[in-house]
Amino acid sequence: MRWTLLGALFAALLPSVPAAQQVDPCSSTNDVSNAFTCLYSIFPRGSGDGTIGAALARSMAASGDAGGISSEGPFILVNGYGVFAYDGAGEDAGTLLDHVLTRSDPDTGFVEMTALSHVGPAVAYLAALAEAGADSYPDLRDALLARVRAARSALAADPAWQDDLDVPAWAPHSGDINAMLDYGLWMAGDYLVRVRDGSVAFTQDSVGRDFYGGGLDAYAVPFDNVMIATFMLVDLNSVAAVRAMIERLPADVDLANARVLVHMAIGTNFGAGLTLASNQLAHAVQVLSDDAIGPANILIAPYANAPCQPAAASECPLETFTAEALDPEVYDFYSTSTWFGTYDRTLVAEAAFTGIDPIPEPAAPGIPGDYAITAADDIDGFMQRLRNSLVRETELLSNAVGFWMPDELRAKGWDASAVEIPGLTTGFPEGTDAYPTDLPPIPD
């Protein structure tokens, strides 16, 4: 492998025109700064097409083999819009095979579920503002209460709102979903009224006890359940849709040779999801492919910004990815410069650094929220994972459920109607097996 890679590299660097016609401005200079700048820039692929790194990436892409992963395999891009699968072979490279939108599509129910789940941390933030004596606290508390009221009224006026969505995985649970939403909105409104009227203590500690834990009278189900249920429903929709996309791919698509790029240009926790152990999307891709896609296929590259028109701050426009084919320059950037350019470095280093023992990488320990660790009815375990996702800057918030739901879908034979949904179908306090219905109005 070592000489195959190095031979390909030197072949790629051979002059394509007579040497007399080539003028290298870096071949002769007496300025120390210029000379060393030239020396520096000959290696990194980010310096341009004429570098050693860029040449090796292109050579490996053209050779049809990248250390066991064929460059003829599909290219799968996971980003802030969804999951996009492209042909990776020959003249068809970059042709869109299929895609799933998981966040930007209004038909997914993402906004509705996430809006309610966000009420939980929003109340805790309000408690922190109240404790700090912030002038903005009363107005923000009342604004949240008003929006909770409005959302509950809208839900009551249109109980069939889910019929307008494209979320088949939710269909068997539509009534339970509405009951959960109504209860969560009622509970949040009732609690905020108590806070406003001063009938309950309002500190960050009391939020966890009285609201999240449902410690106050009349709260038959803790808000913990609501938060976990909404997270689980969003993830169920996403993983079921991605699995369906994988099943729709042509039979000759070889997922074992897929190049998968996870480009996380979403959210504001910019240091999160940088490893396989902290990125639930990378985990989902492996599980949903039934392990045809392995860890070696996946590159997490949050800082890779492709050349797009019009230019975007951190991500190409959605239409870039939903077009019949990815723009050749953008496809080349992602699949060759970014994926191969990173992967080839590891292969060359492994072949060249002979006689040096590798440092073993210990496997990440199982933690609450992992499928093998946490049962479907263990809401406390999922809340531990949610807390972990919030307090650690390396974690995606979606990790709270993302290392559980894909495995549950596989365990149930890819039948979304058969999966357990923690917080919705299971995990209720003793003596309760569903969300209360026929709840009173939120007090004035």
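Residues numbered from 1 in each chain as written. Predicted model: local features only at pLDDT ≥ 70, side-chain atom pairs only at ≥ 80, totals over all residues. Heavy atoms only, no water.

**Student:** Looking at this model, I keep getting lost on the environment of Gly381. Mind explaining?
**Tutor:** Here Gly381 is to be found in helix α12 (residues 379-391). A residue is classified by how much of its surface remains accessible, and Gly381, at 2% relative accessible area, is buried. In this structure the C-alpha to C-alpha distance between Gly381 and Ile367, which are 14 residues apart in sequence, comes to 8.9 Å. Setting aside residues up to four positions removed in sequence, Gly381 forms contacts with Pro368, Gly369 and Thr374. (Helix = DSSP H or I, 4+ residues; strand = E, 2+ residues; numbered from the N terminus. Buried < 20%, exposed > 50% of the residue type's maximum accessible area, 1.4 Å probe, protein only. Contact = heavy atoms within 4.5 Å.)

**Student:** How should the state of the cysteines be read in this particular structure?
**Tutor:** Note on terminology: a disulfide is the covalent bond linking the sulfur atoms of two cysteines. Scanning the model with the defined rule gives 2 disulfides in all. Paired by a disulfide, Cys26 and Cys38 hold their sulfur atoms 2.0 Å apart. Linking Cys26 and Cys38, the disulfide has an S-S dihedral of approximately -65 degrees and is accordingly described as left-handed. Here Cys38 lies in helix α2 (residues 32-41) and Cys26 lies in the loop between α1 (2-13) and α2, a separation of 12 residues in the sequence. (Disulfide = S-S within 2.5 Å.)

**Student:** Looking at this model, I keep getting lost on the confidence of the model for the chain. Mind explaining?
**Tutor:** Regions with low pLDDT should not have their predicted coordinates read in detail. Mean pLDDT over the chain stands at 88; residues scoring 70 or higher make up 89%. A low-confidence stretch, residues 1-20 stays under pLDDT 50, and its non-local contacts, those more than four residues away or across chains, total 22 contacts. (pLDDT = per-residue confidence, 0-100.)

**Student:** Could you clarify how one ought to interpret helix α8 (residues 223-248) in this entry?
**Tutor:** Since the α-helix turns once every 3.6 residues, residues separated by three or four places project in the same direction. Spanning 26 residues, α8 covers 38 Å between terminal C-alpha atoms, matching the ideal 38 Å at 1.5 Å per step. Counting buried residues in α8 gives 22 out of 26 residues, a clear majority hidden from the surface. (Expected span 1.5 Å × (residues − 1).)

**Student:** Whenever I open this one, the packing of helix α4 (residues 110-132) against helix α6 (residues 174-197) confuses me. Can you help?
**Tutor:** Two packed helices can be described by the angle between their axes and the distance between those axes. As a packed pair, α4 and α6 sit with axes 11 Å apart at the nearest point and diverge in direction by 20 degrees. Relative to α6, α4 is oriented roughly parallel. Classified by chirality, the crossing of α6 by α4 is left-handed. Touching Met113, Leu116, Val119, Val123 and Leu126 of α4 are Ile177, Met180, Leu181, Gly184, Leu185, Ala188, Tyr191 and Leu192, all from α6. Of the residues that constitute the contact of α4 with α6, the class distribution is 12 nonpolar, 1 polar and no charged. (Axes fitted to C-alpha atoms, helices over the stretch in contact; angles between N-to-C directions. Parallel < 35°, antiparallel > 145°, perpendicular 65-115°, else oblique. Left-handed = near helix turned anticlockwise from the far one by under 90°. Nonpolar A, V, L, I, M, F, W, Y, C, P; charged D, E, K, R; others polar.)

**Student:** Even after reading the chapter, I still don't get the pairing of strand β1 (residues 75-78), so can you show me in this structure?
**Tutor:** Successive residues of a regular strand alternate their side chains across the two faces of the sheet. Burial along β1 is two-sided: Phe75 and Leu77 and Ile76 and Val78, pointing in opposite directions, are all buried. Counting the residues between successive antiparallel strands, the hairpin from β1 to strand β2 (residues 82-86) contains 3 residues. Sheet analysis places β1 next to strand β4 (residues 259-262), joined by 4 bridges and oriented parallel. When the bridges of β4 are listed, Ile76 appears paired with Val260. (Pairing = 2+ DSSP bridges.)

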